Amino acid sequence: MNTKNTWSFTLIVVGVIFLLNLFAQQFFIRFDLTENERYSISDVTRDILADIDDPITVKVYFSENFPRQLISVKQYVLDMLNEYRAYAGSSLEYEFIPISGEDQALEQEAMSYGIQPVQANITESDEIKVQRIYLGIVFLYGDQKEVIPFAQQIEQLEYDMTGAIKKLSLGSLPKIGWLTGHGEPSLGEEGVARATGEIQKNYELVELNLSSEAQIPHDINTLIFAGATGDFNGQDLYKLDQFILRGGHLAVFLNKKIIEMQNQYMPVQENGSNIFSFLEHYGLKYGNELLIDKTSYQVQAMQNLGFLQIPVAMEYPFAPRVSNLNQDNPIVNRLKELGFFFVNEVSQTGDTSKVTFTPLMYTSEKTGFASPDPRTRSINISAGQQLPDYMFREGPKTISGILEGEYSSWFGSARPDSITFPERHLANSITPAVMVALGNATFTSQQFMVPTSLTFLLNTVDWLHDRNGLISIRSKNVQPSQLDEMTAGKRQALKWVNILLAPMLIVLFGVIRWYIRRKSKNLAGA
């Protein structure tokens, strides 16, 4: 009877396991119990993986003698690829290819894909040595390829990997317009090469000179408008107007002041472009004052020391260090701080019933306005000058925000006879338009670029193009949780608890056991 029960129980267990496996094949579930879900991929990534038509092959080239200081990076790459394959199934295969220093053929193969070794300083046995490290990822899709030369920034890994897969599966990149022709830098200029190069990793960046275009093409839904200083004629303004009314998305980066560092007498000049009055019709107003902030970045300035001049790091109030960020918007909610050189305030104006304004960032409490010299009527922007505290009493100012809503045409209910346009006139919005405005344009230039501000640019483009797309997975937080700070007294108390608790528990256990045995003997004797 007992044997029969044992066999019955065994068969029941086997049947349950079989049914669970069958259920797991039909309903795929994964659980990530880490606090920040560091091993989970986003819904956007899952949707892109589900849309892959032909298989994608992923090759990971890594150094065989990988330094232990970076082993977590290598493991994270492996974990993420396992997660991708779990959702993509047979549509994605990967292989890890170890490269030793003696295998020249594999090194040449990796380099042919665009993967270059990185020189790293590795500490081993109290010695620092330089080591060549490979950790590159290649995505192959038919005769196309995308490469991550070195997977160092693991917080960007999902963004980079998903972006590469999306580009391969789409076959072509979505278009983003870069407006020129009114003092804006062109795509070929060296100063904006880094900013435009980063955008071009995920988009086809098209230079648009409104004077040579019949209209803004319909396959462009997002425009970058950075640094206009000249006037716009009526024809160009009409093209912008109609783009906005058809529901276009616009990144507006402008300075109300023109900064010319080489001009010793008038380094700060007025930007008299008529674009500012045009934008006010759509609810966007730029403040005329140049802002200064006590909370600022440092710059190198030459200081006299006797007969010598030495570079000294000094606080520069014309470069606010911005940490008051909107935590509800993905453009800035994963950034700790931003920095911009020479900023103006932005605000909403006009009819607010159909247009919402959402601030993205503010300067600090100790913000003020730069005052011109009463004699020269120019603003001194040199580093090292001592500004009195009363100049920083204006409170926080909004320097970036989002305008979203419906508008009426700047040109009224009918198109002027002097303007030609290939389509019918739009007098009102047919789809809500979106603008991300910033009171600064210099941040797109290499001369004034702060690294986190470049991230702001890329986030803005991602959000404007598709607010539910890649922006949702940029700069994923994968840092380990930090221990809470505690007082010295609490640390000392915990130290003694750790020292004394174990011996006291052992003694307590011995006393209890002795008491029980003694009681048992007494009962037995009775």
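Structure: above.
It should be emphasised that the depicted structure is a prediction, and the values quoted were computed from it without experimental measurement.

Trainee: Would you take a moment to explain the sheet that holds strand S7 (residues 175–180) for this structure?
Mentor: Strand pairing in a sheet relies on backbone hydrogen bonds, with the paired strands running either antiparallel or parallel. On the basis of which strands lie adjacent, the open sheet formed by eight strands has the order S8-S7-S9-S10-S23-S22-S20-S17 and mixed pairing. Whereas interior strands pair on both sides, the edge strands pair on one side only; in this sheet they are strand S8 (204–209) and strand S17 (324–325). Pairing of strand S10 (residues 249–253) with strand S23 (residues 433–438), which is carried by five bridges, proceeds in the parallel orientation. Bridge pairing in S23 links Val252 to Ala437.

Trainee: Whenever I open this one, the pairing of strand S22 (residues 398–405) confuses me. Can you help?
Mentor: Each regular strand shows side chains that alternate between the opposite faces of the sheet. Among the eight residues in S22, seven count as buried, and that is most of the element. Of the pairings in the sheet, the one linking strand S20 (residues 355–362) to S22 comprises seven bridges and is antiparallel in character. Opposite Val355, over in S22, you have Gly405 as the bridge partner. Bridge count between S22 and S23: six bridges; the pairing is antiparallel. Counterpart to Leu403 in the pairing with S23 is Met435.

Trainee: What is the right way to read the pairing of S20 from this model?
Mentor: Relative to S20, S17 is paired through two bridges, and the arrangement is antiparallel. Paired with Asn324 across the bridge in S20 is Tyr362.

Trainee: Any chance you could explain the sheet that holds strand S2 (residues 92–99) here in plain terms?
Mentor: In space, the four strands of this open sheet follow the order S2-S1-S5-S6, with mixed pairing throughout. Edge positions in the sheet fall to S2 and strand S6 (144–148), since each of these pairs with one other strand and no more. Averaged over all adjacent pairs, the angle separating strand axes in this sheet is 20°, with direction ignored. As paired strands, strand S1 (residues 56–63) and S2 are joined by eight bridges and run parallel to one another. Its bridge partner being in S2, Ile56 is matched across the sheet by Leu92. Contacting S1, S2 and S6, helix H4 (residues 104–112) runs over the sheet at an angle of about 130° to S2.

Calculation rules
Residues numbered from 1 in each chain as written. Predicted model: local features only at pLDDT ≥ 70, side-chain atom pairs only at ≥ 80, totals over all residues. Heavy atoms only, no water. Pairing = 2+ DSSP bridges. Helix = DSSP H or I, 4+ residues; strand = E, 2+ residues; numbered from the N terminus. Buried < 20%, exposed > 50% of the residue type's maximum accessible area, 1.4 Å probe, protein only. Axes fitted to C-alpha atoms, helices over the stretch in contact; angles between N-to-C directions. Contact = heavy atoms within 4.5 Å.

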